[in-house]
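Secondary and tertiary structure notes
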Amino acid sequence: MALVYKDFSEDASDEFWCAGDNQLFLTPYVWGDSRRCGIAWTEVYKIFFPCRLPSEDDEAVTHFLLGVLDLNQKKIDVYDSIYSEPYEAGMNYMQMYARMIPHLLKFSQFDKNHKSFGNVFNKFDIQWQRSPHQTGSTDCGAFLIKFVELLMIGKDVQQFQPEDIKDFRKELAANLWAHGEWKRNSGYDTPPENVGDDYESENETFCPKEL
């Protein structure tokens, strides 16, 4: 998204979305043709996407938060383990999604394939949701995963107590180990990385107390 956004404008034509990188990175998500998103957006009502705020300088300080794209309500709910109110860095980043996604959906003729989206492609609203707050400087990623887990089963994220994050980290570690054992025993090979993947970023990730 960030790679495409740098060249985006509100007057983007169909040719913009057909350009090499734009078509490679974004349109496969909408139609479920991406290995990282195997279900077409036309089949769902909400889309969860993790966000990592970019560092504004050479220091490796960044932060993870969760965006939830609500296709019916045409809004983006933000779950942030530091702030429950909008702030400049977070809002600037989420504006990228709020501005670009309606244009992408219009180009993809999304209204003809989604049962309840309608034919209005205005900029999406952005709404910060109340969320439990982290106390450690490296917990944002774990909180993001917990938010996804709770929201996917229809629970309120505020039911999660911040002091339980240590136990959740242990649960994550156990699940990753079990998954690794399954891969080893079954002979499954992880598919190769796609262009644009960020699995081996050299940036150390931790959450600043203030953004």
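Residues numbered from 1 in each chain as written. Predicted model: local features only at pLDDT ≥ 70, side-chain atom pairs only at ≥ 80, totals over all residues. Heavy atoms only, no water.

Concerning the overall build of the protein
For clarity, the threshold we go by: Numbering of helices and strands starts at the N terminus; helices are DSSP runs of H or I of at least 4 residues and strands are runs of E of at least 2. The classification of residues rests on relative accessible area computed with a 1.4 Å probe and restricted to protein chains. Under 20% of the type maximum is buried, over 50% is exposed, and intermediate values are partly exposed. Here the open area of atoms and residues is found with the Shrake-Rupley method and a 1.4 Å probe, where only the protein chains shown may cover a residue.
Looking only at helices and strands, one finds seven helices and four strands in the protein. Its helices and strands taken in sequence order, the protein reads α-α-α-α-β-β-β-α-β-α-α from the N to the C terminus. Out of the 211 residues belonging to the protein, those deemed buried represent 37%. When the accessible surface of the protein is summed, it comes to about 12700 Å², and 48% of that surface belongs to carbon and sulfur atoms.

Regarding the packing of aromatic side chains
Applicable threshold: Paired rings are identified among Phe, Tyr and Trp, the last through its six-membered ring, by centres lying within 6.5 Å, and are further divided according to the angle between planes into stacked (under 30 degrees), edge-to-face (over 60) and tilted (the rest). In this scheme, Lys NZ or Arg CZ marks a charge over a ring once it lies within 6 Å of the ring centre and within 35 degrees of the ring normal.
A full pass over the atoms with the stated rule returns 11 aromatic pairs. On the basis of an interplanar angle of 25° and a centroid distance of 4.5 Å, the ring pair of Phe49 and Tyr97 is categorised as stacked. Of this pair, Phe49 sits in strand E1 (residues 46–53) while Tyr97 is found in helix H5 (residues 88–107), placing the two residues 48 residues apart along the sequence. Residue Phe49 is classed as buried on the basis of its relative accessible area, which comes to 11%. Between Trp182 and Tyr188, the aromatic rings sit 5.5 Å apart at their centres with planes inclined by 35°, giving tilted as the arrangement. Using a relative accessible area of 41% as the deciding quantity, one classes Tyr188 as partly exposed. Grouping aromatic residues by their ring pairs yields a cluster made of Tyr79, Phe143, Phe147, Phe160 and Phe168. Here the basic side chain of Lys74 rests over the ring of Phe117, its NZ or CZ set 4.2 Å away from the ring centre.

Some points on the sheet that holds strand E2 (residues 63–70)
To be explicit about the condition: By the convention used here, strands pair only if DSSP detects at least 2 bridges between them. Lines fitted to C-alpha atoms define the axes, with helix axes restricted to the stretch in contact, and inter-axis angles between N-to-C directions lie between 0 and 180 degrees. Contact criterion: two residues are considered in contact whenever any of their non-hydrogen atoms come within 4.5 Å of each other.
Strand order in the open sheet formed by four strands is E1-E2-E3-E4, and the pairing between neighbours is mixed. Because the sheet does not close on itself, it has two edges, and the strands there are E1 and strand E4 (125–129). Here the strands of the sheet are splayed against their neighbours by 25° on average, with no regard to which way each runs. Pairing between strand E3 (residues 75–79) and E4: five bridges, direction parallel. By the bridge assignment for E4, Val78 is matched with Trp128. Against the sheet, helix H6 (residues 140–152) touches E1, E2 and E3, its axis set at about 20° to E2.

Some words on the environment of Phe48
Along the chain, Phe48 falls in strand E1. For the pair formed by Phe48 and Asp77, sequence separation is 29 residues and the distance between their alpha carbons is 9.6 Å. When sequence neighbours within four positions are dropped, the list of residues in contact with Phe48 reads Leu66, Gly67, Val68, Val148, Leu151 and Met152.

As for a negative patch on the surface
Short version of the rule: Here a patch means residues that are over 30% exposed by relative accessible area and free of salt bridges, tied together within 9 Å if like-charged and within 5 Å if nonpolar (Val, Leu, Ile, Met, Phe, Trp, Tyr). By convention in these notes, a salt bridge is any Lys or Arg side-chain nitrogen within 4 Å of a carboxyl oxygen on Asp or Glu. As used throughout, the charge tally considers Lys and Arg to be positive and Asp and Glu to be negative, leaving His and the chain termini uncounted. Throughout, a charge is located at the NZ atom of Lys, the CZ atom of Arg, the CG atom of Asp or the CD atom of Glu.
A cluster of acidic residues, Glu163, Asp164, Asp167 and Glu171, forms a negative patch at the surface. Structurally, Asp164 is set in the loop between H6 and helix H7 (165–186). Looking at Asp164, the relative accessible area reads 32%, which means it is partly exposed.

Here we look at the pattern of salt bridges
Inspection of the entire model under this criterion finds four salt bridges. For the salt bridge of Arg169 with Asp139, the shortest nitrogen-to-oxygen distance reads 2.9 Å. In this pair, Arg169 is assigned in helix H7 and Asp139 in the loop between E4 and H6, connecting sequence segments 30 residues apart. Here Glu149 makes a salt bridge to Lys146, at a shortest N to O gap of 2.6 Å.

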